[in-house]
Amino acid sequence: MKRIFIILVLCSLQGLAFAQWDVGIHGGLNSTSITRSHTDRIDETYSSLCGYDFGIEGRYSVNTWLAVRADLDIMQRSHRLQRHLNYISPVYTDHRNTYLALPVMADFSFGGQRLRGHFLLGGFCGYWLGQRVKGTTYGMTDYDVYFIDFDKQRPFTREERRFDAGLACGMAISYGLTSCLALHLDALLFYDLVSHHVGYNHLQDYRYLNTGSFTLGISYQFNKKEQQ
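For the structure given in this document, a descriptive report is provided here. By convention here, each chain's residues receive numbers from 1 onward along its written sequence. Local features in a predicted model are, by the rule used here, given only for residues with pLDDT of at least 70; side-chain atom pairs are given and counted only at 80 or more, and totals for whole chains, interfaces and linings are based on all residues. Derived side-chain values reflect all non-hydrogen atoms in the structure, with water molecules and hydrogen atoms excluded from consideration.

**Regarding the pairing of strand β4 (residues 92-111)**
Relative to β4, strand β3 (residues 66-83) is paired through 15 bridges, and the arrangement is antiparallel. Counted as the bridge partner of Ala67 is Asp107 from β4. Relative to strand β5 (residues 115-140), β4 is paired through 20 bridges, and the arrangement is antiparallel. Across the sheet, the residue bridging to Tyr92 is Thr136, located in β5. Paired strands, in this sense, are two strands between which DSSP finds at least two bridges. In this text, helices come from DSSP runs of H or I with a minimum length of four residues, and strands from runs of E with a minimum of two, each type numbered from the N-terminal end.

This is the structure in structure tokens:
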């Protein structure tokens with residue numbers, strides 16, 4: 001038992017001796033789709049829209065192949081609602097949703113000193129900061145149908161949930177420019193497990209966002225000499 005304890009202590013000390021902190025920034029684009037459970041609206045379809053994704057990141061390396069990464073991102077997670085009845089076919093609404101997201105992921109890496117591949121797996125939590133809607137709606141008179149363009153900030157309602165959480169996973173490639181600086185290209189998926197719509201009048205109208213993010217970043221590696 002003492003031997004096992006000594007081995008665990010030595011492994012921990014070795015990990016602390018290697019321990020390396022990376023900090024960086026990243027930015028890029030994403031594409032978001034929506035999954036909605038209440039599907040009996042035959043005149044409505046949803047499609048994905050592009051948005052932005054930028055933020056800061058920190059990584060704590062345990063050893064040569066395992067690290068823990070945490071980001072703090074501002075993400076625009078957007079989608080489009082399209083109406084398809086004949087007389088209102090031009091009607092649509094683009095929902096531009098801005099979120100503050102905190103993904104925390106295990107980083108499994110492989111490769112050489114400069115060029116490395118990464119598998120990322122974990123979860124995220126977030127907060128819905130604001131929403132803007134843009135599109136075309138319609139009105140009717142006794143003789144005609146007319147269309148109205150709009151672009152406005154939309155207030156939150158009691159049917160909407162602003163807290164968000166879900167799964168985060170993806171892949172990345174990093175390349176060391178110097179002993180301390182590295183570029184990395186990330187492809188991540190954010191999959192909601194919490195509906196941002198709580199429903200009303202006993203109608204269980206769940207809505208989940210699914211975002212694929214593609215970002216380019218640069219990071220600074222501390223304690224590089226200790227690793228070498």
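Continuing now.
**A word on the packing of aromatic side chains**
Pairing of aromatic rings covers Phe, Tyr and the six-membered ring of Trp, with a centre-to-centre limit of 6.5 Å; geometry is then stacked below 30 degrees between planes, edge-to-face above 60, and tilted otherwise. Taken as a whole, this structure holds eight aromatic pairs when the rule is applied. Ring geometry for Trp21 and Tyr60: centres 4.9 Å apart, planes at 55 degrees, overall tilted. Linking Trp21 in strand β1 (residues 20-36) with Tyr60 in strand β2 (residues 44-61), this pair joins segments that are 39 residues apart in sequence. Trp21 sits in the partly exposed class, given a relative accessible area of 46%. A connected cluster of aromatic rings, assembled from ring pairs, spans Tyr99, Trp128 and Phe156. Only when the NZ of Lys or the CZ of Arg is both within 6 Å of the ring centre and within 35 degrees of the ring normal is a charge said to sit over the ring. In this arrangement the basic side chain of Arg77 is found over the ring face of Tyr99, its NZ or CZ atom lying 5.3 Å from the centre. Working definition: with a 1.4 Å probe on protein chains only, accessible area under 20% of the residue-type maximum means buried, over 50% means exposed, and in between means partly exposed.

**Thoughts on the nonpolar core**
Here, nonpolar core refers to any group of buried Ala, Val, Leu, Ile, Met, Phe, Trp, Tyr and Cys residues whose side-chain atoms link them within 4.5 Å. With nine residues, the main nonpolar core is built from Met75, Ala101, Met105, Leu120, Phe124, Ala168, Ala172, Leu188 and Phe190. The residues touching Ala101, leaving out its near neighbours within four places in the chain, are Asp71, Leu72, Asp73, Met75, Cys125 and Gly126. Any pair of residues with heavy atoms lying within 4.5 Å of one another is described as a contacting pair.

**Observations regarding the pattern of salt bridges**
Opposite charge on two side chains lets them pair, provided their charged atoms get close. For this analysis, a salt bridge means a side-chain nitrogen from Lys or Arg found within 4 Å of a carboxyl oxygen belonging to Asp or Glu. A complete count under the given rule lists eleven salt bridges for this structure. Close ionic contact of Asp94 with Arg80 constitutes a salt bridge, the shortest N to O distance being 2.6 Å. Of this pair, Asp94 sits in strand β4 while Arg80 is found in strand β3, placing the two residues 14 residues apart along the sequence. Residue classification places Asp94 among the buried residues on the basis of a relative accessible area of 6%. By relative accessible area, which is 25% here, Arg80 ends up partly exposed.

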